Amino acid sequence: MTTTSILRMTSTFLRSSSRYPLGESRVEVRFTDSTDPDLAVGAAPDGPRYCWSHFTVHPCTWLRQVHGRRVVRVDRPGQHAGALADGVITAVTGAALAVVVADCAPIALISSDAVGVVHGGWRGLEAGVLGASVAKMRQVASGPISARLGPCIHGECYEFGRQDLDRLVRRFGPSVQSRTTWGTPALDLPEVVRIELRRHGVTLEKSQADEDRCTACGPSLWSFRARRDRQRQGVVAWIEPLHRES
Ligand SMILES: [Zn+2]
């Protein structure tokens with residue numbers, strides 16, 4: 001039995017756990033869902049710290065997300081916790097980073113020696129938060145950057161105003177236009193993320209189930225748009241030190 005299948009049996013969120021070996025350390029990326037503790041800021045008695053400690057032993061930088069393009073850089077574990085920002089990156093080992101979402105796209109950026117997480121709502125993406133996060137990560141990362149996209153709302157459920165949609169089509173191209181299952185104009189949010197990543201030279205990792213899950217119509221996910229859920233899932237990522245056996 002592989003480690004992955006053992007983890008699958010013990011906890012749902014670990015299904016989404018990925019490990020990237022980086023020589024003497026590795027990047028851990030975990031997408032959570034509604035079977036995990038609620039990650040909404042203010043949900044737990046001890047604040048976000050309680051929630052995050054469920055997923056990682058490392059001090060966590062969480063954000064007060066404002067749908068903007070500000071990105072913070074973490075140089076020591078826990079630094080900038082609660083900052084007003086929508087992206088956070090680090091090259092420091094043992095510093096967990098997190099963003100929370102209901103329908104917006106949780107995005108992890110991964111390089112050989114750095115990691116980042118981004119809150120990818122349409123307003124932030126339009127404002128350029130993904131490009132700003134990649135640029136900030138390049139200041140500390142060596143080598144190429146790849147990305148993982150977690151569950152977010154998909155076109156078939158994401159009815160969108162014509163005026164906003166037209167502006168996003170001009171910005172990102174016609175492929176971001178979609179249609180809801182009930183026939184109204186819609187935004188293909190995962191496509192916006194894919195286009196932005198491509199524009200900034202970042203490869204989106206394929207063959208991962210998270211990207212295919214829609215928060216509005218998929219199982220075990222919070223959706224503000226579909227159900228006015230106040231709870232949040234999210235992505236938590238960090239660089240884990242490796243201890244050599246030999
Ligand atoms: Zn859907």
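Residues numbered from 1 in each chain as written. Predicted model: local features only at pLDDT ≥ 70, side-chain atom pairs only at ≥ 80, totals over all residues.

## Some words on the overall build of the protein chain
Check the secondary structure of the protein chain and you find 7 helices and 15 strands. The 246 residues of the protein chain split such that 45% are buried. Looking at the protein chain alone, contacts between residues at least 24 apart form 62% of all its contacts between residues at least 6 apart. (Helix = DSSP H or I, 4+ residues; strand = E, 2+ residues; numbered from the N terminus. Buried ≥ 20, exposed ≤ 12 C-beta atoms within 10 Å, placed from the backbone. Contact = placed C-beta atoms within 7 Å.)

## Observations concerning the pairing of strand S2 (residues 25–31)
Within a regular strand, the side chains alternate between the two sheet faces. Within S2, 5 of the 7 residues are buried, which leaves the element mostly enclosed by the surrounding structure. Across 7 bridges, S2 lies against strand S15 (residues 233–241) in antiparallel orientation. The residue bridging Arg-30 from the neighbouring strand is Val-236, located in S15. (Pairing = 2+ DSSP bridges.)

## Description of the confidence of the model for the protein chain
Of all residues in the protein chain, 84% have pLDDT values of 70 or greater, and the mean over the chain is 87. In the model, residues 1–15 has pLDDT below 50 throughout and makes 12 contacts with residues more than four positions away in sequence or in other chains. (pLDDT = per-residue confidence, 0-100.)

## Description of the nonpolar core
Counting 70 residues, the largest nonpolar core has Leu-97, Ala-98, Ile-107, Leu-109, Val-117 and Ala-237 as its most contacted members. Ranked by residue count, the leading element in this core is strand S8 (residues 96–101), at 6 residues. What Val-117 contacts, discounting residues up to four positions off in sequence, is Val-88, Leu-97, Ala-98, Val-99, Pro-106, Ile-107, Ala-108, Val-235 and Ala-237. (Core = buried A, V, L, I, M, F, W, Y, C linked by C-beta atoms within 7 Å.)

## Quick word on the sheet that holds strand S14 (residues 203–204)
The strands making up a sheet associate through hydrogen bonds between their backbones, and the pairing can be parallel or antiparallel. Within the open sheet, the 6 strands sit side by side as S5-S7-S10-S9-S11-S14. Their pairing is mixed. Strands at the two margins of the open sheet, each flanked by one partner only, are strand S5 (71–74) and S14. Direction of pairing for strand S11 (residues 146–149) relative to S14: parallel, over a ladder of 2 bridges. When the bridges of S14 are listed, Ala-147 appears paired with Leu-204. Together, strand S9 (105–110), strand S10 (115–120), S11 and S14 form the strand contacts of helix H6 (residues 189–199), whose direction differs from that of S9 by roughly 25 degrees. (Axes fitted to C-alpha atoms, helices over the stretch in contact; angles between N-to-C directions.)

## Things to note about unusual backbone geometry
Located in the positive-phi region is His-80, a residue other than glycine, with phi close to 65 degrees. Within the element layout of this structure, His-80 appears in the loop between S5 and strand S6 (83–84). Using a count of 19 C-beta atoms within 10 Å as the deciding quantity, one classes His-80 as partly exposed. You will see that Ser-220, though not glycine, has its phi angle at about 60 degrees, which is positive. Relative to the helices and strands, Ser-220 resides in the loop between S14 and helix H7 (224–227).

## Looking at the environment of Ile-145
Relative to the helices and strands, Ile-145 is located in the loop between helix H4 (129–138) and S11. Taking the C-alpha atoms as reference points, Ile-145 and His-200, 55 residues apart in sequence, are found 9.6 Å from one another.

## Digging into H4
The buried fraction of H4 is high, at 7 of 10 residues. Within H4 the residues assigned to the buried category are Val-129, Leu-130, Ala-132, Ser-133, Val-134, Lys-136 and Met-137. Residues of H4 that are buried sit in contact with S5, strand S7 (87–90), S9, S10, helix H3 (122–127) and H6.

## Some remarks on the environment of Gly-218
Considering the arrangement of structural elements, one finds Gly-218 in the loop between S14 and H7. In this structure, the C-alpha to C-alpha distance between Gly-218 and Cys-152, residues 66 residues apart in sequence, is 9.6 Å. In this view, Gly-218 contacts Pro-151 and Arg-213; residues no more than four positions away in its chain are not counted.

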